[in-house]
Every structure is written in C-alpha cells, then in structure tokens.
Amino acid sequence: MQLDYFILIDRIIDLNLEAKTITVEAQVPPTHTIFEGHFPGFPIMPGVLLTEAMAQSCGWLLLGVMKFERMPFLAMVKEAKMRGFVSPGQLLTIEAKIEHEGSGFAVTSAKARVGKELKCSAEITFRLIPFPDPAFRVHMDAVANKIGFPLQAMPHD
Amino acid sequence: MSSTFDQIANIIAETCDIPRDTITPESHAIDDLGIDSLDFLDIAFAIDKAFGIKMPLEKWTQEVNDGKATTEQYFVLKNLAARIDELVAAKNASPGA
C-alpha cells in the first residue's frame, strides 16, 4: 500500500474477465503516521481505508471488464461491515465480483481477508464515466502495469 | 400479480423512503418525488433485477439532453412502466429468451 498516494492495492493475483472476478493483495505497512493517531497504543487500519481498498479492487475489475474505456467512480457503499481488526504489517487478500452491470453504473461486492479470516465486506456501486482527461488514462495504465494488471486484459490501441 | 407501476412504486418507496401512497402513475420521479441521480441508480439496479432487463438510462439521458425526448417520457411513472414493459417484451421476443 502507498497510503500517501492513496494507492491501496499492491498486486493483482487473478483477474477473470469471463467470471468477472478479481483477487488482489494489499500489504498494510508496518508503520505509518496514520497508526500514531488510529489509535495510540492500539494501531489498526481505519475502516474507511479498508472500504477504499475494497473499492479500488472492484475498480480494477471494472476497468478490466470495460477494457479501460471508462473510469469507475465511487458512488455508493452499502452493507460495509468491519468484521475484525486489521493490524499494521498484515497482508490483505481482497476478492471482488461484479453483481450487476447497468447503464452507466455497476454494482460490485468485495470481501477482504487476512489469511482465512474474513475482515470486511461491502456492496459498492460505481458510476462509469469516460475518462475526463487523457493524462488520467495514461496514469491508470501506468498504475495497472505496476500492480501487475494482466497484459491480455489491457486494451491495445 | 402486481402491475409494473405497482412494482416500480414499491421499489421507489422502499429505496427512497417515500410514503407509498404519495406515489401515483402521474408522479414525475424527479420533479414530484425529488429523486436525485444517485437514488435513481439504486432504483435502476432494483428495477433491472426485478424485471431482468437493463434500463438504457444513458440513452434516455442523451435523448433528453439532445432535445429528442422530454423527461416526462421516461420519468413520469406510468411512462416509465410502459418503457419497462417494452423492454421486457423485447427481451422475451429475443432468440435467446
């Protein structure tokens, strides 16, 4: 995780465009100023960041399914459940799937685990909008390469 | 079996916390019921699921923006029900149905 840049996903483990599922890994850093305040003597990952990590996982899945033709923007989070604490240094494995592809929006679901233990889950809805700026798309391509987005799922211009 | 309008009205009432008895076939989803675009995403998801269709919201919005249609054609609930019935009929008539 690069918390300072809000890039919470480290690598894509599996992307199945047919089943419309993704599995990613996100390594919680062992130290960060966030943990100094959240909380002193009891550092845990904030629930909003766990929710964001799930949203980013779903976002990468949608980018793959849409062949990077549109950018998913977070619109709605439902049933966000923080089921257990996530501590500094732990490795999150996040699985996400598309529940519904609507017209201009998509509904997804995600679950994050540490080992086999389910830590959080949510249903997350996105608006799907054409990239507002070409530089944005270039940036997303670069991040995709960095986190191991499967080459066969990348669009070829 | 409840009508398409009744199903839509029930979805709207539940999704947007609007009293069911205030929702009529003449109600305009935006102008009368005050449903915003985010709530409409939720409603669209529920309608898509309930009827097994994909409401072409983007196409409808484009038509309104281009002046080719009015919001009443799609967002007055009796008209929305008619559009949904058309989509369901088209789905049932398709070879894969």
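Preceding this section is the structure that the text describes.
Read on for a plain summary of the structure.

Rules and cut-offs
Residues numbered from 1 in each chain as written. Chains lettered and ligands numbered in written order. Predicted model: local features only at pLDDT ≥ 70, side-chain atom pairs only at ≥ 80, totals over all residues. Heavy atoms only, no water. Buried < 20%, exposed > 50% of the residue type's maximum accessible area, 1.4 Å probe, protein only. Helix = DSSP H or I, 4+ residues; strand = E, 2+ residues; numbered from the N terminus. Pairing = 2+ DSSP bridges. Axes fitted to C-alpha atoms, helices over the stretch in contact; angles between N-to-C directions. Parallel < 35°, antiparallel > 145°, perpendicular 65-115°, else oblique. Left-handed = near helix turned anticlockwise from the far one by under 90°. Contact = heavy atoms within 4.5 Å. Nonpolar A, V, L, I, M, F, W, Y, C, P; charged D, E, K, R; others polar. Core = buried A, V, L, I, M, F, W, Y, C linked by side-chain atoms within 4.5 Å.

### Structural notes on the pairing of strand S2 (residues 21–27) of chain A
Residue and element names in this part refer to chain A.
Part 1: Taking burial as the measure, the seven residues of S2 include five buried ones, the bulk of the element.
Part 2: In this sheet, S2 lies alongside strand S1 (residues 11–16) in antiparallel orientation, the contact comprising five bridges. The residue bridging Leu15 from the neighbouring strand is Ile22, located in S2.
Part 3: Counted along the chain from S1 to the antiparallel partner S2, the turn is four residues long, and its residue Lys20 has a positive phi close to 60 degrees.
Part 4: As judged from the seven bridges shared by S2 and strand S4 (residues 91–101), these two strands associate in the antiparallel manner. Pairing of Val24 across the sheet is with Ile94, part of S4.

### A word on the packing of helix H1 (residues 4–16) of chain B against helix H2 (residues 37–51) of chain B
Residues and elements named next belong to chain B.
Part 1: At a closest axis distance of 10 Å, the pairing of H1 and H2 adopts a crossing angle of 140 degrees. Taken together, the axes of H1 and H2 lie oblique to each other. Both H1 and H2 take part in a crossing whose hand is right-handed. For the pair H1 and H2, contact is made by Thr4, Gln7, Ile8, Ile11, Ile12, Thr15 and Cys16 and by Asp39, Asp42, Ile43, Ala46, Ile47, Ala50 and Phe51, respectively.
Part 2: Along the lines of polarity and charge, the residues of the contact of H1 with H2 split into nine nonpolar, three polar and two charged.

### Concerning the nonpolar core
Part 1: Membership of the largest hydrophobic core comes to 46 residues, with the highest contact counts inside it found for A:Trp60, A:Leu92 and A:Ile94.
Part 2: Elements that contribute at least two residues to this core include exactly S1, S2, helix H2 (47–65), S4, strand S5 (105–114), strand S6 (117–130) and helix H3 (134–146) of chain A.
Part 3: In terms of residue count, the dominant contributor to this core is H2(A) (ten residues).
Part 4: Aside from chain neighbours lying at most four places away, what touches A:Leu92 is A:Met1, A:Val24, A:Glu25, A:Ala26, A:Val28, A:Leu50, A:Val86, A:Ala112, A:Arg113 and A:Val114.
Part 5: Residues B:Ile8, B:Cys16, B:Ile23 and B:Ile43 belong to the second largest nonpolar core, which totals 34 residues.

### As for the environment of A:Ala75
Part 1: Mapping A:Ala75 onto the fold places it in strand S3 (residues 70–82).
Part 2: Counting along the chain gives 34 residues from A:Ala75 to A:Ser109, while the straight-line C-alpha distance between them is 13 Å.
Part 3: Excluding residues within four positions of it along the chain, A:Ala75 makes contact with A:Thr125, A:Phe126, A:Arg127, B:Leu38 and B:Leu41.

### Things to note about the environment of A:Lys119
Residues and elements named next belong to chain A.
Part 1: Mapped onto the secondary structure, Lys119 falls in strand S6.
Part 2: Sequence separation of Lys119 and Val48 is 71 residues, and the distance between their C-alpha atoms is 13 Å.
Part 3: Among all residues touching Lys119, those that are not within four sequence positions of it are Lys81, Met82, Arg83, Gly84, Phe85, Val86, Ala112, Arg113 and Val114.

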